[in-house]
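# Analysis of the macromolecular model
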Amino acid sequence: MFVTGDLHGYEDISKLNSKHFPANKHLTKEDYVIVAGDFGLVWNHQQDELYWRKWLARKNFTTLFIDGNHENFDLLNSYPVEQWNGGKIHKINDSILHLMRGQVFSIHGLKVFTFGGAQSHDKAYRKENVNWWRGEMPTQEEYQEGLDNLARHQWEVDLVITHTCPTSTVTSLKEALGTPVEADELSDYLEHIQQRLTYRSWFFGHFHHDLLLPKNLRLIYHDVEKIGRD
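These notes cover the structure that comes with them. Everything quoted here is computed from the prediction, not taken from an experiment.

Rules used in this analysis
- Residues numbered from 1 in each chain as written.
- Predicted model: local features only at pLDDT ≥ 70, side-chain atom pairs only at ≥ 80, totals over all residues.
- Heavy atoms only, no water.
- Helix = DSSP H or I, 4+ residues; strand = E, 2+ residues; numbered from the N terminus.
- Buried < 20%, exposed > 50% of the residue type's maximum accessible area, 1.4 Å probe, protein only.
- Areas by Shrake-Rupley, 256 points an atom, 1.4 Å probe, with all protein chains shown as cover.
- Lys, Arg positive; Asp, Glu negative; His and termini not counted.
- Charge placed at Lys NZ, Arg CZ, Asp CG, Glu CD.
- Expected span 1.5 Å × (residues − 1).
- Contact = heavy atoms within 4.5 Å.
- Polar contact = N/O pair within 3.5 Å; in protein donor to acceptor, adjacent residues only side chain to side chain.
- Pairing = 2+ DSSP bridges.
- Axes fitted to C-alpha atoms, helices over the stretch in contact; angles between N-to-C directions.
- Parallel < 35°, antiparallel > 145°, perpendicular 65-115°, else oblique.
- Nonpolar A, V, L, I, M, F, W, Y, C, P; charged D, E, K, R; others polar.
- Right-handed = clockwise from strand over helix to strand, strands pointing away.

### Section: the overall build of the protein
- Broken down by element type, the protein carries five helices and 13 strands.
- The buried share of the protein, reckoned over its 230 residues, is 53%.
- Total accessible area on the protein stands at roughly 10,600 Å², and carbon and sulfur atoms take up 48% of it.
- Seen as two clouds, the 24 positive and the 32 negative side-chain charges of the protein have centres 5 Å apart.

This is the structure in structure tokens:
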């Protein structure tokens, strides 16, 4: 299993080609690459998008992704909800699965908590339902489902995959990287979870850097990091 950062459709998909990700040659469809949000390949079903979805499907691995803020949520949510490895998904095709918000999945013997979404800092310059959707931020039902699922697992998982990060980390990144992102209700929610949850590693995207952070947090973008059981 591997984790990488935002794809933004095919804008940043080259990180998964054989040159940059040679491990692909030795994988099977039982191996997984998880994209930490801003997948962007469920956008408008136009020819270029369909080409890159087929390109991903031809890879040896199966692609899993959480949603970010740059997704067409109307289209994404039009896919039927299915159960997979203990949690809810949207099945885009046999090789591409959307891991929904607030779920705990069992993947290769690891418990993986997923929570997509983030607030676009530039939404004032975007057009609603064209290149920005209100669904980028979670509903109260999604927040509650995440808490309920963690409680069912006694607040203990191996991995956390989110798009944005807890409020304390947002503040640190703003100071260190000068990011324009502000804390909000989602980062506060993730802060609450972080304070209660026992986890081994937490990966998130959104901020377009690769950086190791305190409390076993990992900001990921270009890198494709292997996850083991140890």
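### Things to note about helix H5 (residues 185–196)
- Taking 1.5 Å per residue, twelve residues should reach 16 Å; H5 reaches 17 Å between its end C-alpha atoms and fits that length.
- Here H5 has its buried residues at Leu186, Ser187, Tyr189, Leu190, Glu191, Ile193 and Gln194.
- Of the surrounding secondary structure, the elements contacted by the buried residues of H5 are strand E8 (110–115), helix H3 (140–152), strand E9 (159–162), helix H4 (167–177), strand E10 (201–204) and strand E12 (217–219).
- Taking the backbone nitrogen of Leu186 as reference, a side-chain oxygen 3.0 Å away marks Asp184 as the first, capping residue of H5.

### Some remarks on the pairing of strand E7 (residues 103–107)
- Most of E7 is tucked away: four of the five residues are buried.
- Where E7 meets E8, five bridges bridge the pair, whose relative direction is antiparallel. Note on E8: the bridge partner recorded for Gln103 is Thr114.
- The hairpin turn running from E7 into E8, its antiparallel successor, is two residues long, and His108 in that turn takes a positive phi close to 55°.

### With respect to the packing of H3 against H5
- Packing of H3 against H5 leaves a shortest axis separation of 12 Å and a crossing angle of 10°. Judged by the angle between their axes, H3 and H5 are roughly parallel. Between H3 and H5, the residues in contact are Glu142, Tyr143, Gly146, Leu147 and Leu150 and Glu185, Leu186, Tyr189, His192 and Ile193, respectively.
- Taken together, the residues of the contact of H3 with H5 sort by class into six nonpolar, two polar and two charged.

### Some details on the sheet that holds strand E3 (residues 62–66)
- The sheet built from seven strands is open, its strands ordered E4-E5-E6-E3-E2-E1-E13 with mixed pairing. With partners counted over all chains shown, the strands left at the sheet margins are strand E4 (81–84) and strand E13 (224–226), one partner each. Neighbour-to-neighbour, the strand axes of this sheet turn through a mean angle of 35°, independent of strand direction.
- Across three bridges, strand E1 (residues 2–4) lies against strand E2 (residues 32–36) in parallel orientation. Across the sheet, residue Val3 finds its bridge partner in E2, namely Ile34.
- Those strands touched by helix H1 (residues 47–58) are E3, strand E5 (87–93) and strand E6 (96–99), and its axis lies near 110° from that of E5.

### A word on the environment of Tyr125
- With respect to the element layout, Tyr125 can be found in the loop between E8 and H3.
- In sequence terms Tyr125 and Cys165 are 40 residues apart; their C-alpha atoms lie 23 Å from each other.

### Description of the pairing of E8
- Among the six residues that make up E8, five are buried, leaving the element largely enclosed by the rest of the structure.
- Direction of pairing for E8 relative to E9: parallel, over a ladder of four bridges. Looking across to E9, one finds that Phe113 is bridged to Val160.
- Note on the crossover from E8 through H3 to E9: the handedness is right-handed.

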